[in-house]
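Reading the structure
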Amino acid sequence: MDLKKLASKLIPDENLLPLEEYEKLYPERELKKGAEVTRLAPSPTGFIHLGNLYSALADERIAHTTGGIFYLRIEDTDLKRKVDGAVDSVIRSLDYFGVCFDEGAEIASPLNKYGPYYQRQRADIYRAFAKNLIERGLAYPCFCTEDELNAVREEQTANKEITGYYGRYAKCRNLSEEEIYANLEAGKPFVIRLKSQGNTANKITFRDAIKGEITVTENDQDVVILKSDGIPTYHFAHAIDDHFMHTTLVIRGEEWLSSLPIHLELFSALGFKLPKYGHTCSLMKVDGGVKRKLSKRKDPELSLDYYRKAGYYPRAVVKYLMTILNSNFEEWERKNPQADYRDFKFSIDKMGKSGALFDIDKLNDVSKAELATLSAEQTYDFLNGWVNEFGSEADRQHFADREYIIKILNLICGIGGKKRRKDIVRAETGVGMLGYFFDDTFAPEYSYRFDAPTVNAVLNGFAAVYDESDDNQTWFAKVKGVAADCGFASEMSDYKANPQNYKGSVADVAEILRIAVTGMPNSPDLCTVMGIIGRGRTLARLSAGLVK
Ligand code: GLU
């Protein structure tokens, strides 16, 4: 068969360059020895998830700790899945977590010499290489219809055989020259398939950069490389792109492991050096005592938007992911509490080989600890950023008074006090904790544990003596005075010795005051709360808290 003629008939494009020209267009990168070139290659579906961040963080750390490059390539060969604004959303979402690209789609960089970074804009390169494979007898046109392929699949399933287009099922593999031209003449649509040279009787030992040595079966599937619209499949496009963009290490999800034999054959057929591959394990969670994969449908925490909306401190999320990514990160952190996580020597060898457990409670702990390293001003800035994006109108108005919020934050975070408090987990709940400092969001639940005359006597008694210039000690002495006047023990020890003599202790009196002023039985130091909200508001709340 005249393969050159066939190739020109199937791919008549006149603008394709000789293959060596593509090599010249994308010369080796000038990087120091050991530098890794990694990439994130998402489809622009608009859904950017925790798994993407997890993988991107590993890519970014490895590239940047070795003096390499981390770039963004958009795998947009499937138009049906394309969502407007998706690329921007990938970049913004990752940027929020401090994961930045050096080059790639929509990245303004002088390094952008290996583009275009959108696969749809690289059609010529794919077509040039597909044409070459046809010329070399390593690819052929397939005219099978959807119905024919379904019938084959059914037959294979019934025979309990591996499904796919291979061996005796690969009907178009052996079409004669006449048959091919007759089909083309008849205008039948066709795809281009790889003519696999593999045999499933052969095993290949492969060293995965994460999972270590694995054995896979040689590919014998004649996979589609160009679809009927001339657009390549992932298998074909990624091989060509990773070659010309000089990716040295491909980190991708373990769901791709089953396609690895296809990729090994494609790289070999194309005459390209294989990059290193590292297949990450899936993120799992424990649900009802059972470990399972995080699912898009069931788990809102899979979406990266979730963390932004809930107001997680981005560095906390990143640090938590680092603990899952590298088993020795936590210990390093303990030894270097002040250090930037970027100073940690990230190592692909320390990545988990199987199921990575994502535990939101643990993330919450990391988040609390991380937020507790901030000053009141830094906490304000972080919360304010969240308020501006996701807060209510009332939140925005409250945050306009920076000084007032900073005073509150100093109090509720225990800044400057004996013990730094770790109560704020994330911005949404942190902002919620400030509600009682403002009249419009003060929503008291008057859950007093004493009868109305007692509560009213305490509230009136304290209102009569309250002086905002009192220091903490004087303030407390006054609370004790009110306690004694209202039949409570002003000393805890007295109450403990003879509880039957009292209605309760000074702590119960403070609780009544606290419920009236903050709406809750627990709050940070009440004297300071009163000081922050001011005399007018304090007296108004003591009065509003009276039981009618
Ligand atoms: N476009 C593929 C995906 O989103 C990329 C896989 C890879 O990184 O090679 O799953």
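Described below are features of the structure shown in this document. (Residues numbered from 1 in each chain as written. Predicted model: local features only at pLDDT ≥ 70, side-chain atom pairs only at ≥ 80, totals over all residues. Heavy atoms only, no water.)

**Comments concerning the side chain of Asp395**
Along the chain, Asp395 falls in helix 15 (residues 393-399). It turns out Asp395 is buried and unbridged, and the closest side chain with the opposite charge, Arg396, is 7.1 Å from it. Setting aside its immediate chain neighbours within four residues, Asp395 contacts Trp386, Val387 and Val431. (Helix = DSSP H or I, 4+ residues; strand = E, 2+ residues; numbered from the N terminus. Buried < 20%, exposed > 50% of the residue type's maximum accessible area, 1.4 Å probe, protein only. Lys, Arg positive; Asp, Glu negative; His and termini not counted. Salt bridge = Lys/Arg side-chain N within 4 Å of Asp/Glu carboxyl O. Contact = heavy atoms within 4.5 Å.)

**Concerning the nonpolar core**
One recurring pattern in soluble globular proteins: nonpolar side chains tend to sit buried together. One finds Leu94, Phe129 and Phe236 to be the most contacted residues of the largest nonpolar core, which totals 112 residues. In terms of residue count, helix 3 (residues 50-65) provides more of this core than any other element does, eight residues in total. With residues up to four places along the chain from it excluded, the contact list for Phe236 reads Tyr126, Phe129, Ala130, Leu133, Ile225, Leu226, Leu266 and Leu270. (Core = buried A, V, L, I, M, F, W, Y, C linked by side-chain atoms within 4.5 Å.)

**Side note on helix 3**
Its 16 residues give helix 3 an end-to-end C-alpha distance of 22 Å, which sits within 8% of 22 Å, the value for a rise of 1.5 Å per residue. With 13 of 16 residues buried, helix 3 lies mostly within the body of the structure. Phi for Gly67, located one or two positions after helix 3, is positive at around 80 degrees. (Expected span 1.5 Å × (residues − 1).)

**Comments concerning the site of the ligand**
Arg39, Ala41, Pro42, Ser43, Glu75, Tyr234, Arg252 and Trp256 make up every residue found near the ligand. Note that a nitrogen atom of the ligand is positioned 2.7 Å from one of the side-chain N or O atoms of Glu75. Contacts to the ligand include Trp256, whose side-chain N or O atom sits 3.4 Å from an oxygen atom. Taken by itself the ligand offers 300 Å² of open surface, and the protein chains cover 79% of this. Looking at side-chain class alone, the shell around the ligand contains four nonpolar, one polar and three charged residues. (Near = heavy atom within 4 Å. Polar contact = N/O pair within 3.5 Å; in protein donor to acceptor, adjacent residues only side chain to side chain. Areas by Shrake-Rupley, 256 points an atom, 1.4 Å probe, with all protein chains shown as cover. Nonpolar A, V, L, I, M, F, W, Y, C, P; charged D, E, K, R; others polar.)

**Some details on unusual backbone geometry**
With an omega of 0 degrees, the peptide bond between Gly115 and Pro116 qualifies as cis. Along the chain, Pro116 turns up in the loop between strand 3 (103-104) and helix 5 (123-135). The phi torsion at Glu106 lies on the positive side, around 60 degrees, for a residue other than glycine. Topologically, Glu106 is positioned in the loop between strand 3 and helix 5. Given the relative accessible area of 57%, Glu106 is considered exposed.

**Details of the sheet that holds strand 8 (residues 224-226)**
Taking strand neighbours across the sheet as the criterion, the three strands line up as 4-5-8 in an open arrangement whose pairing is antiparallel. Here the strands that pair on one side only, and so sit at the sheet edges, are strand 4 (139-142) and strand 8. For this sheet, the mean inter-axis angle between neighbouring strands, taken without regard to orientation, is 45 degrees. As judged from the four bridges shared by strand 4 and strand 5 (residues 191-194), these two strands associate in the antiparallel manner. (Pairing = 2+ DSSP bridges. Axes fitted to C-alpha atoms, helices over the stretch in contact; angles between N-to-C directions.)

**Comments concerning the environment of Lys82**
Within the fold, Lys82 resides in the loop between strand 2 (69-72) and helix 4 (86-96). For Lys82, a relative accessible area of 40% corresponds to the partly exposed category.

**A look at the side chain of Lys211**
When you line up the elements, Lys211 lands in the loop between strand 6 (203-208) and strand 7 (212-217). In this structure the side chain of Lys211 is engaged in a polar contact, spanning 2.8 Å, whose partner is the side chain of Glu254. There is a polar contact of 2.8 Å between the side chain of Lys211 and the backbone oxygen of Lys353. Excluding its chain neighbours within four sequence positions, the residues that come into contact with Lys211 are Glu254, Leu257, His279, Cys281 and Lys353.

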